[in-house]
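Remarks on the overall topology
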Amino acid sequence: MARKLRLLIDEGVDQSVRDWIREYGRLKVKDVHELRLRATCDDRLVKIATDDNRILVVIDKGFSAENYPICTHSGIIRICVKPRIEDEMIRVFKEFLQSGCGDKCQHAIVTLKSDHFEIMSQSGIERYAY
């Protein structure tokens, strides 16, 4: 990863996952708890992340391209593993970070699944296996 990703982690992301992301070391992380933004509506959260040039990390499927079109925000990373096991969420996030695709997050929607991740950007959808 060429530069540190700037992230804003939503309150729906489990505490152990938030802690792991914060401790990963190559990221600039803020979360809604420390910013006292709990219960902030999704639209406002996207605006706050965009204004601070941060990629929003969420587990909510509502953060889709239909609701937040590509290039109208700084980027969204959706962790969509089933079942929602914290160790699995950490594993897919780590796999994604180690893939070298972090720079592709800007203004895109990245969906992390158990066996692959997808990056939806202006140029289309790219799929990568772990």
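The following paragraphs examine the structure supplied in this document. Once a new chain begins, its residue numbering starts again from 1 and follows that chain's sequence as written. Local features in a predicted model are, by the rule used here, given only for residues with pLDDT of at least 70; side-chain atom pairs are given and counted only at 80 or more, and totals for whole chains, interfaces and linings are based on all residues. Calculated side-chain values reflect all of the structure's heavy atoms, with hydrogen atoms and water omitted.

**Regarding the packing of aromatic side chains**
- In summary, the pairing rule links any two rings of Phe, Tyr or Trp, Trp by its six-membered ring, whose centres are within 6.5 Å, and it sorts them by plane angle into stacked for under 30 degrees, edge-to-face for over 60 and tilted for everything else. If you walk through the whole model with that rule in mind, you get six aromatic pairs.
- Ring geometry for Phe-63 and Tyr-68: centres 5.5 Å apart, planes at 20°, overall stacked.
- For the exposure calls, accessible area comes from a 1.4 Å probe over protein chains only, and a residue counts as buried if that area is under 20% of its type's maximum, exposed if over 50%, partly exposed in between. Classification of Tyr-68 as buried rests on a relative accessible area of 8%.
- Summarising the aromatic geometry, the rings of Phe-117 and Tyr-128 are spaced 4.9 Å apart at their centres and angled 15° between planes, so their arrangement reads as stacked. Pair noted here: Phe-117 is in strand β6 (residues 116–121) and Tyr-128 is in strand β7 (residues 124–129), with a separation of eleven residues, a long-range link.
- Of the residues examined, Phe-117 reaches a relative accessible area of 1% and is grouped as buried.
- A residue is classified by how much of its surface remains accessible, and Tyr-128, at 22% relative accessible area, is partly exposed.
- Each residue in the set Phe-96, Phe-117, Tyr-128 and Tyr-130 is aromatic and connected to the rest through ring pairs, giving one cluster. Only DSSP runs of H or I covering at least 4 residues are called helices, and only runs of E covering at least 2 are called strands; the numbering of each starts at the N terminus.

**A look at the sheet that holds strand β5 (residues 109–112)**
- The sheet built from seven strands is open, its strands ordered β2-β1-β3-β4-β5-β6-β7 with mixed pairing. Strands with a single pairing partner mark the edges of an open sheet, and in this sheet they are β2 (27–31) and β7. For this sheet, the mean angle separating the axes of adjacent strands, direction not counted, is 20°.
- Pairing analysis gives three bridges linking strand β1 (residues 5–9) to strand β3 (residues 55–58), with the strands arranged parallel. Counterpart to Leu-7 in the pairing with β3 is Ile-55. Note on pairing: two strands pair once DSSP finds at least 2 bridges between them. The axes are straight lines fitted to the C-alpha atoms, using for helices just the contacting stretch, and the angles between their N-to-C directions are given from 0 to 180°.

**Here's the deal with the pattern of salt bridges**
- The term salt bridge refers to a side-chain nitrogen of Lys or Arg lying within 4 Å of a carboxyl oxygen of Asp or Glu. Per the stated rule, a full pass over the model turns up twelve salt bridges.
- The closest approach of N and O atoms between Asp-52 and Arg-6, which form a salt bridge, is 3.0 Å. Here Arg-6 lies in strand β1 and Asp-52 lies in the loop between α2 (42–51) and β3, a separation of 46 residues in the sequence.
- On the basis of relative accessible area, Asp-52 is assigned to the partly exposed category, the value being 29%.

**Considerations on the nonpolar core**
- To define a nonpolar core, start from buried Ala, Val, Leu, Ile, Met, Phe, Trp, Tyr and Cys residues and group those joined through side-chain atoms within 4.5 Å. Counting residues in hydrophobic clusters, the biggest one holds 28 residues, and the most contacted among them are Leu-7, Ile-77 and Phe-96.
- Those elements giving two or more residues to this core turn out to be β1, α1 (15–23), β2, β3, β4 (76–79), α3 (86–98), β5 and β6.
- Residue contributions to this core peak at six residues, all from α3.
- Only heavy atoms enter the contact rule, under which two residues are in contact if any of them lie within 4.5 Å. Aside from chain neighbours lying at most four places away, what touches Phe-96 is Ile-77, Cys-101, Gly-102, Cys-105, Val-110, Leu-112, Phe-117, Ile-119 and Tyr-130.

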